[in-house]
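Structure assessment
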Amino acid sequence: MTETAPSETVGDGSGPQKPVQLDSVADYDELLETHDLVLLEFVTSGCGICASMEPVLSAVARSAPGAVATVNAGLVPDVADEYQIRSVPTLVVLKDGEEVARLDDGFQSAETVVELLETHAA
């Protein structure tokens, strides 16, 4: 796992300060074990829209409840297959390990993503 370990949390204890890069199924499993609310962003190398979402996801990770993680669908295909990822970027919100929401229609604003997470935080 790169950037931020799943257990490193923001000041309010809700999630990592930066999006976590999940490099393996083990990283994914650890994240789900340590956080009730998780936003997974599925990307691929060379995806321009995915790259434009990086600052958005960084802002979301600092302000939203839960953990934010990026999964390169090409490098961790088992996780991408589990969520039947067909296009990128795709955002999947998990609550207690279960999918509760999905956005798969391109670029999303930080406000949209934070609102989605806050809806499922309660």
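Above: the structure in question.
Just so it is clear, the model here is predicted, and its values are computed rather than measured.

Rules behind the numbers
- Residues numbered from 1 in each chain as written.
- Predicted model: local features only at pLDDT ≥ 70, side-chain atom pairs only at ≥ 80, totals over all residues.
- Heavy atoms only, no water.
- Axes fitted to C-alpha atoms, helices over the stretch in contact; angles between N-to-C directions.
- Helix = DSSP H or I, 4+ residues; strand = E, 2+ residues; numbered from the N terminus.
- Parallel < 35°, antiparallel > 145°, perpendicular 65-115°, else oblique.
- Left-handed = near helix turned anticlockwise from the far one by under 90°.
- Contact = heavy atoms within 4.5 Å.
- Nonpolar A, V, L, I, M, F, W, Y, C, P; charged D, E, K, R; others polar.
- Phe/Tyr/Trp six-rings, centres within 6.5 Å; stacked < 30°, edge-to-face > 60°.
- Buried < 20%, exposed > 50% of the residue type's maximum accessible area, 1.4 Å probe, protein only.

Quick look at the packing of helix α2 (residues 48-63) against helix α4 (residues 110-121) now. Angle between the axes and distance between the axes: these two values describe a pair of packed helices. Their axes nearest at 9 Å, the elements α2 and α4 cross at an angle of 40°. Taken together, the axes of α2 and α4 lie oblique to each other. Judged by the twist between their axes, the crossing of α2 over α4 is right-handed. In contact with Val56, Val60 and Ser63 of α2, α4 contributes Ala110, Val113, Val114 and Leu117. Residues that form the contact of α2 with α4 fall into these classes: six nonpolar, one polar and no charged.

For any two aromatic rings, the description comes down to two numbers: the centre-to-centre distance and the angle of the planes. Evaluation of the coordinates by the stated rule reveals two aromatic pairs. Consider the rings of tyrosine 28 and tyrosine 83, whose centres lie 6.3 Å apart with planes at 75°: the pair is edge-to-face. One end of the pair, tyrosine 28, is in helix α1 (residues 25-34); the other, tyrosine 83, is in the loop between α3 (77-82) and β4 (90-95), with 55 residues separating them in the sequence. Per residue, the accessibility class of tyrosine 28 equals that of tyrosine 83, and both read buried. On the basis of an interplanar angle of 50° and a centroid distance of 5.9 Å, the ring pair of phenylalanine 42 and tyrosine 83 is categorised as tilted. You can see phenylalanine 42 sitting in strand β2 (residues 37-43) and its partner tyrosine 83 sitting in the loop between α3 and β4, a full 41 residues away along the chain. Of the residues examined, phenylalanine 42 reaches a relative accessible area of 0% and is grouped as buried. In this structure an aromatic cluster arises from ring pairing among Tyr28, Phe42 and Tyr83.

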